[in-house]
Amino acid sequence: SRHHIPSIAPHAILDNATDKILKSIPGTLFAYETRYLNQSKQEEYETGISVSYYQQEQIEYLLRGYSSLIPNSIVHLQSPKSPKHPMYNRENFTAGKIDFKEEMSISEMEKVVNKMIQLVERR
């Protein structure tokens, strides 16, 4: 629902899930069937969007996970697991849940952003 905060990928799965997408052979993430070959450009576009929807959602889920690593990003600030969120309760989020940092070095931030760019560009 648009009234709920979208789910955030746990930090523990980010690297493996990202590598799975980045290392996949082109054409294996979703199937584009031969029955779609005789469509108009508009139909082809709409079919492509619907066929790739699951992958798009998965990538957005991972991007939110990476964004939550960056202090003061919108995902970081909107999550109740963030120490800066008004509903934050340290006792509820210290048992191996998402680890929010208050500070991050520029080089750490650059690595996170580069992973996000790789996912978007899939390279």
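This text goes with the structure placed above it.
If you're wondering where the values come from, they're calculated on a predicted model, not measured in any experiment. (Residues numbered from 1 in each chain as written. Predicted model: local features only at pLDDT ≥ 70, side-chain atom pairs only at ≥ 80, totals over all residues. Heavy atoms only, no water.)

J.: Sorry, what's going on with the nonpolar core here?
T.: The nonpolar side chains of soluble globular proteins are, as a tendency, buried together. Leu14, Leu62, Tyr66, Leu69, Val112, Met116 and Leu119 are the most contacted members of the largest nonpolar core, which has 14 residues in total. Listing elements by their share of this core, those giving two or more residues are helix 1 (11-22), helix 3 (53-69) and helix 5 (106-121). Here this core gets five residues from one element, more than from any other, and that element is helix 3. (Core = buried A, V, L, I, M, F, W, Y, C linked by side-chain atoms within 4.5 Å. Buried < 20%, exposed > 50% of the residue type's maximum accessible area, 1.4 Å probe, protein only. Helix = DSSP H or I, 4+ residues; strand = E, 2+ residues; numbered from the N terminus.)

J.: Where do I start with the environment of glutamate 43 in this structure?
T.: Relative to the helices and strands, glutamate 43 is located in helix 2 (residues 41-51). At 3.0 Å, the side chain of glutamate 43 and the backbone nitrogen of serine 40 are in polar contact. (Polar contact = N/O pair within 3.5 Å; in protein donor to acceptor, adjacent residues only side chain to side chain.)

J.: Help me out: how do you make sense of the side chain of threonine 18 in this one?
T.: Tracing the backbone shows threonine 18 in helix 1. For threonine 18, a relative accessible area of 0% translates into the label buried. Not counting residues up to four positions away in its chain, the partners in contact with threonine 18 are Leu62, Tyr66, Lys115 and Leu119. (Contact = heavy atoms within 4.5 Å.)

J.: Please clarify how the packing of helix 1 against helix 5 should be interpreted in this entry.
T.: Two measures define how a pair of helices packs: the angle their axes make with one another and the distance between the axes. Relative orientation of the contacting elements helix 1 and helix 5 amounts to 35 degrees, with a least axis distance of 10 Å. Pair helix 1 / helix 5 crosses with left-handed handedness. Within the contact between the two elements, helix 1 uses Asp15, Thr18, Asp19, Ile21 and Leu22 and helix 5 uses Lys115, Gln118 and Leu119. Residues of the contact of helix 1 with helix 5, tallied by class, amount to three nonpolar, two polar and three charged. (Axes fitted to C-alpha atoms, helices over the stretch in contact; angles between N-to-C directions. Left-handed = near helix turned anticlockwise from the far one by under 90°. Nonpolar A, V, L, I, M, F, W, Y, C, P; charged D, E, K, R; others polar.)

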